[in-house]
Amino acid sequence: VSLAFGLTVLTMAFAIGHISGCHLNPAVSVGLMIGGRFPASELLPYMAAQVLGGIAGGAVLYVIASGTLGPDPGFETAGFASNGFGEHSPGGYNFTSALVCEIVMTFMFLIIILGATDKRAPSGLAPVAIGLGLTLIHLISIPVTNTSVNPARSTGVAVIEGGWAISQLWLFWLAPIVGAALAGLVYNWLGRED
């Protein structure tokens, strides 16, 4: 699963990075805006498109998962890959663990993105660094929260799952946005040319 997420991002970055910057994640857009790489005027339209894309992706996943002949296509036992903490964390991690994990993982994801896409970085390798970074992030955080770092992705499956996933969704918007904003600020300081 972790490798699939990383390869998906790597592939999409090569496929549409030159068109839209491959912003499939509201946290990435926020981090890039604060890092001075994305215009604030485009943030809300991008975020709306990202959330609609996440919901569409969740709907496609629902159609596929509903086609099983088994009794549980992953909704009851796995929460349809929704993000959660406490009893809804895959490893039973509490709220604080989930909050810290999502902030730190998103922070690191944005540091990778900002560094790999810096004009001083080696040309053409950003998708590889970003895809491998996201793979590592998933390996670390799936047991804790089912890995968000992307509020649009979290929203897409939470809408399908409903109930508890919707009630915990706020954390999977707050933590990634905070982590991304911190990364934008830190990279402005860390990556400055002087």
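On a predicted model such as this, the values are computed, not experimentally measured, just so you know.

A. Spotlight on the overall build of the protein chain. From N to C terminus, the protein chain includes eight helices and zero strands. When the elements of the protein chain are put in sequence order from the N terminus, they spell out α-α-α-α-α-α-α-α. Taking 194 residues into account, the globule formula puts the C-alpha radius of gyration at 16 Å, and the protein chain, at 16 Å, falls close to it. Taken along its principal axes, the extent of the C-alpha atoms in the protein chain is 60 × 35 × 30 Å. A burial count over the protein chain gives 45% of its 194 residues as buried. For the protein chain, restricting intrachain contacts to residue pairs at least 6 apart in sequence, the fraction spanning at least 24 positions comes to 75%. When the accessible surface of the protein chain is summed, it comes to about 9,500 Å², and 72% of that surface belongs to carbon and sulfur atoms. Of the charged side chains in the protein chain, 5 are positive and 9 negative, and the gap between their average positions amounts to 17 Å.

B. Molecular detail of the pattern of salt bridges. Evaluation of the coordinates by the stated rule reveals two salt bridges. A salt bridge links Asp 118 to Arg 37; the shortest N-O distance between them is 3.7 Å. Linking Asp 118 in the loop between helix H4 (95-116) and helix H5 (126-145) with Arg 37 in the loop between helix H2 (26-34) and helix H3 (43-65), this pair joins segments that are 81 residues apart in sequence. Taking the relative accessible area as the measure of exposure, Asp 118 reaches 10% and is therefore buried. Between Asp 118 and Arg 120 there is a salt bridge, with its nearest N and O atoms 2.8 Å apart. For Arg 120, a relative accessible area of 44% puts it in the partly exposed group. Through salt bridges that share partners, Arg 37, Asp 118 and Arg 120 make up one connected network.

C. Region of interest: the confidence of the model for the protein chain. Counting all residues, the mean pLDDT for the protein chain is 88, and 90% of those residues have values of 70 or more. The lowest-confidence element of the protein chain is helix H1 (residues 2-20), averaging 70 in pLDDT; the highest-confidence one is H4, averaging 97.

D. Quick peek at the side chain of Asn 150. With respect to the secondary-structure elements, Asn 150 resides in the loop between H5 and helix H6 (151-161). A polar contact is formed between the side chain of Asn 150 and the backbone nitrogen of Ala 152, at a distance of 2.9 Å.

Calculation criteria
Residues numbered from 1 in each chain as written. Predicted model: local features only at pLDDT ≥ 70, side-chain atom pairs only at ≥ 80, totals over all residues. Heavy atoms only, no water. Helix = DSSP H or I, 4+ residues; strand = E, 2+ residues; numbered from the N terminus. Rg over C-alpha atoms; globule rule 2.2 N^0.38 Å. Buried < 20%, exposed > 50% of the residue type's maximum accessible area, 1.4 Å probe, protein only. Contact = heavy atoms within 4.5 Å. Areas by Shrake-Rupley, 256 points an atom, 1.4 Å probe, with all protein chains shown as cover. Lys, Arg positive; Asp, Glu negative; His and termini not counted. Charge placed at Lys NZ, Arg CZ, Asp CG, Glu CD. Salt bridge = Lys/Arg side-chain N within 4 Å of Asp/Glu carboxyl O. pLDDT = per-residue confidence, 0-100. Polar contact = N/O pair within 3.5 Å; in protein donor to acceptor, adjacent residues only side chain to side chain.

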